[in-house]
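Remarks on the overall topology
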Amino acid sequence: MLKGKWCLVTGGNRGIGQAIALAFAKEGASLILVARDEAALAGAAQACTAAGAGEVATHTVDLADPIAVDGLARDALARCGTVDVLVNNAAYSVRANSPLEGDPDEFDKMIAINLAAPMRLTRLLAPKMVEQQDGVIINMSSVYGQQPSAGWGAYSATKHGLKGWSHSCAATLRPHNVKVMCVHPGCVYTDTARKKVEEDPKLEEVVKTHLMSPEDVAETCMLAFRTSSRCCPLDVTVLETPPVQPHYP
Ligand SMILES: NC(=O)c1ccc[n+]([C@@H]2O[C@H](COP(=O)([O-])OP(=O)(O)OC[C@H]3O[C@@H](n4cnc5c(N)ncnc54)[C@H](OP(=O)(O)O)[C@@H]3O)[C@@H](O)[C@H]2O)c1
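These lines cover the structure that appears in this document, whether it is placed above or below. (Residues numbered from 1 in each chain as written. Predicted model: local features only at pLDDT ≥ 70, side-chain atom pairs only at ≥ 80, totals over all residues. Heavy atoms only, no water.)

What follows concerns the overall build of the protein. Check the secondary structure of the protein and you find nine helices and seven strands. In terms of C-alpha radius of gyration, the protein reaches 17 Å, essentially the compact-globule figure of 18 Å for 249 residues. Over its C-alpha atoms, taken along the principal directions, the protein stretches across nearly 50 × 35 × 35 Å. Taken across its 249 residues, the protein has 48% of its residues classed as buried. The long-range share in the protein, meaning contacts at least 24 apart out of those at least 6 apart in sequence, stands at 74%. When the accessible surface of the protein is split by element, carbon and sulfur atoms take 53% of a total near 11,600 Å². (Helix = DSSP H or I, 4+ residues; strand = E, 2+ residues; numbered from the N terminus. Rg over C-alpha atoms; globule rule 2.2 N^0.38 Å. Buried < 20%, exposed > 50% of the residue type's maximum accessible area, 1.4 Å probe, protein only. Contact = heavy atoms within 4.5 Å. Areas by Shrake-Rupley, 256 points an atom, 1.4 Å probe, with all protein chains shown as cover.)

Further remarks concern the site of the ligand. Close to the ligand lie 25 residues; Asn13, Arg36, Asn89, Tyr155 and Thr190 are nearest. Within the side chain of Lys159, an N or O atom sits 2.9 Å from an oxygen atom of the ligand. A distance of 2.9 Å separates an oxygen atom of the ligand from a polar backbone atom of Val188. For the ligand, the protein covers 90% of the area, taking 880 Å² as the surface of the free molecule. Residue assignment for the shell around the ligand shows that the elements contributing at least two residues are helix H1 (15-26) and helix H5 (153-173). A class-by-class count of the residues in the shell around the ligand yields 12 nonpolar, eight polar and five charged. (Near = heavy atom within 4 Å. Polar contact = N/O pair within 3.5 Å; in protein donor to acceptor, adjacent residues only side chain to side chain. Nonpolar A, V, L, I, M, F, W, Y, C, P; charged D, E, K, R; others polar.)

We now examine the nonpolar core. Counting residues in each nonpolar core, the largest one holds 36 residues, and the members touching the most others are Ile20, Phe24, Leu31, Leu33, Ile138, Val183 and Phe225. It is H1 that provides the largest number of residues to this core, a total of seven residues. Not counting the four nearest positions on each side in its chain, Leu31 is found in contact with Trp6, Cys7, Val9, Ala21, Phe24, Ala25, Cys48, Ala53, Glu55, Val56 and Ala57. Counting 26 residues, the second largest nonpolar core, distinct from the first, contains Ala73, Cys169, Ala170 and Val178. (Core = buried A, V, L, I, M, F, W, Y, C linked by side-chain atoms within 4.5 Å.)

The residue Met212 is located in the loop between helix H7 (204-210) and helix H8 (214-221) in this model. When its relative accessible area of 9% is taken as the criterion, Met212 is described as buried. Setting aside its immediate chain neighbours within four residues, Met212 contacts Pro185, Gly186, Cys187, Val188, Tyr189, Val238, Leu239 and Glu240.

We now examine the pairing of strand E3 (residues 56-60). Alternating residues of E3 divide into Ala57 and His59, all buried, and Val56, Thr58 and Thr60, none buried. The sheet contact formed by strand E2 (residues 30-35) and E3 spans five bridges and is parallel. The partner of Ile32 across the bridge, within E3, is Ala57. A crossover links E2 with its parallel partner E3, the connecting element being helix H2 (residues 38-51), and its sense is right-handed. (Pairing = 2+ DSSP bridges. Right-handed = clockwise from strand over helix to strand, strands pointing away.)

Before going further, it helps to examine the sheet that holds strand E1 (residues 6-10). Read across the open sheet, the seven strands follow the order E3-E2-E1-E4-E5-E6-E7; overall the sheet is parallel. Both edges of this open sheet fall to E3 and strand E7 (235-238), since each of them pairs with a single strand only. Across the sheet, the mean angle separating the axes of adjacent strands is 15 degrees when strand polarity is ignored. Summarising the sheet, E1 and E2 pair through five bridges and their orientation is parallel. Of the residues in E2, the one forming a bridge with Cys7 is Leu31. (Axes fitted to C-alpha atoms, helices over the stretch in contact; angles between N-to-C directions.)

What follows covers H1. For H1, which comprises 12 residues, the first-to-last C-alpha distance of 17 Å matches the rise-based estimate of 16 Å (1.5 Å per residue) to within 8%. Of the positions making up H1, those classed as buried are Ile16, Gly17, Ala19, Ile20, Ala21, Ala23, Phe24 and Ala25. After H1 finishes, the residue Gly28 shows a positive phi value of roughly 85 degrees. (Expected span 1.5 Å × (residues − 1).)

Here we take up the environment of Ala57. Along the chain, Ala57 turns up in strand E3. Its relative accessible area of 5% is what places Ala57 among the buried residues. Residues Ala57 and Leu31, 26 residues apart in the sequence, show an inter-C-alpha distance of 6.1 Å. Ignoring anything within four residues of it in the chain, the contact list for Ala57 reads Leu31, Ile32, Leu33 and Arg79.

Structure, rendered in structure tokens:
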């Protein structure tokens, strides 16, 4: 389904981003994987090649740095002409980022990585998609991008921003045959959950039985390709079932 397409996935070295990259690889895509951890990027690239990807390139980039983001977009366009699929998946969060708790510098970092970088990458890569009248942009939001959470104010704000940006992008780009999708996952079993289990081993059972897998979210992203060119699944919320609350902090 994705043979001959170039797909750029931020945060493609682990968690949900790696699962998305692998799902694309199985469909024959060529990939540009972006993150900071070079060793993890190399491991993910190897797994994607084994899964059936075309070419796989990795970029070690800190998405908090706008100059580095510009460089990434420039390098990506130089490599592949047009990035056919952009997945803005990488994000940063810290516990306690409310009006009463947390470091405002951390709020700025969340805005830079979770919102400003996706906006910048889209601005730099979407014109080529419009030129070829074809493309897909997937933005990874959260249920907190639909319903803000008390203790996660800054994170919720970045994800609401990403949702607003996605809707505006869809309004601008759908006339040019570019699909824009904003995915809002509930709880997914990635490193955050693993850390919580390390801190409190009693959580292991509930995490294992209730949380979605990164592959569940990757499969949701495949909707953009499994639907016809006349269909743009703009907002898609995926929830763990049964709900993990109130058993999970
Ligand atoms: N897990 C969940 O329960 C859940 C629920 C709702 C929404 N989400 C969303 O789903 C997405 C992926 O979540 P996840 O749980 O898979 O995350 P994760 O396991 O924490 O991975 C985060 C990814 O982002 C990359 N990243 C972080 N900061 C970066 C930076 N400054 N520059 C470049 N890359 C950076 C990380 O790579 P490096 O560290 O190597 O840079 C890593 O690949 C995020 O947008 C998250 O908000 C997750």
